[in-house]
Amino acid sequence: MKDPRTIILAPIITEKSMFLKEKYNQVSFWVDPSANKIEIKKAVEDLFKVKVLDVQTIRYKGKPKGSLRYRGRTSVRKKAIVKLAPGQTIEFFETL
């Protein structure tokens, strides 16, 4: 298995993610695009010492950017929404 710190890239802190945390006990992370749901679940459980019930993933394709002369694309990204067991919390999200 990959190192959990290379799978979980960053937490997502938006109004929608805070709503999901308060109402459904779900937290959102940017994850490695090559990681699957099982790897994401194990990484969250190892890093934060919580019980994960479900993982949902969303892939974002890179968008074309640039001018006529310089063409490029933004990065491919992947978001994971992780549902925690009742009573479980991640302290990072509690301090916000």
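Note: the structure precedes this text.
All values derive from a computational prediction rather than experimental measurement.

The rules we used
Residues numbered from 1 in each chain as written. Predicted model: local features only at pLDDT ≥ 70, side-chain atom pairs only at ≥ 80, totals over all residues. Heavy atoms only, no water. Helix = DSSP H or I, 4+ residues; strand = E, 2+ residues; numbered from the N terminus. Buried < 20%, exposed > 50% of the residue type's maximum accessible area, 1.4 Å probe, protein only. Salt bridge = Lys/Arg side-chain N within 4 Å of Asp/Glu carboxyl O. Contact = heavy atoms within 4.5 Å. Pairing = 2+ DSSP bridges. Axes fitted to C-alpha atoms, helices over the stretch in contact; angles between N-to-C directions. Phe/Tyr/Trp six-rings, centres within 6.5 Å; stacked < 30°, edge-to-face > 60°. Lys NZ or Arg CZ within 6 Å of the ring centre and 35° of its normal.

Topic: unusual backbone geometry
Located in the positive-phi region is asparagine 25, a residue other than glycine, with phi close to 60°. Relative to the helices and strands, asparagine 25 resides in the loop between α2 (15-24) and β2 (26-31). With a phi close to 55°, lysine 49 is a non-glycine residue in the positive phi region. Among the residues examined, lysine 49 registers a relative accessible area of 66% and is labelled exposed.

A closer look at the pattern of salt bridges
Evaluation of the coordinates by the stated rule reveals two salt bridges. One salt bridge in this structure joins lysine 2 and aspartate 32, with 3.3 Å as the shortest N-O distance. A residue pair is termed long-range when its members are at least 10 positions apart, and lysine 2 in the segment before α1 (4-7) and aspartate 32 in the loop between β2 and α3 (37-48) qualify at 30 residues. Residue lysine 2 is classed as partly exposed on the basis of its relative accessible area of 31%. With a shortest N-O distance of 3.3 Å, aspartate 3 and arginine 5 are connected by a salt bridge. On the accessibility criterion, aspartate 3 (36% relative accessible area) is partly exposed.

Topic: the environment of serine 75
Inspection of the secondary structure assignment puts serine 75 in the loop between β5 (71-73) and β6 (77-84). Residues serine 75 and tyrosine 60 lie 15 residues apart in sequence; the distance between their C-alpha atoms is 8.6 Å. Sequence-distant contacts of serine 75, that is, excluding residues within four places in its chain, are made with Tyr60 and Gly62.

Description of the sheet that holds strand β1 (residues 8-11)
A sheet is described by the order of its strands in space; here four strands give the open sequence β1-β2-β6-β3, paired in antiparallel fashion. In this open sheet, the two edge strands, each paired with only one partner strand, are β1 and β3 (52-60). The mean angle between the axes of side-by-side strands here comes to 30°, regardless of whether they run parallel or antiparallel. Taken together, the three bridges between β1 and β2 define a ladder with antiparallel strand orientation. Within β2, the position partnered with alanine 10 by the bridge is tryptophan 30. Across the sheet, α2 touches β2 and β6, and the angle it forms with β2 is around 140°. Contacts from α3 reach β1, β2, β3 and β6, with the element oriented near 120° to β3.

As for the packing of aromatic side chains
Aromatic rings in a pair are described by how distant their centres are and how their planes are angled relative to each other. For the structure shown, the criterion picks out three aromatic pairs. Consider the rings of phenylalanine 19 and tyrosine 24, whose centres lie 6.3 Å apart with planes at 85°: the pair is edge-to-face. Taken together, a centroid distance of 5.8 Å and an interplanar angle of 65° make the contact between tryptophan 30 and tyrosine 60 edge-to-face. Here tryptophan 30 is found in strand β2, whereas its partner tyrosine 60 is found in strand β3, with 30 residues between them in sequence. Look at tryptophan 30 and you get partly exposed, because its relative accessible area is 22%. The ring of tyrosine 60 is capped by arginine 77, whose NZ or CZ atom sits 5.4 Å from the centre of that ring.

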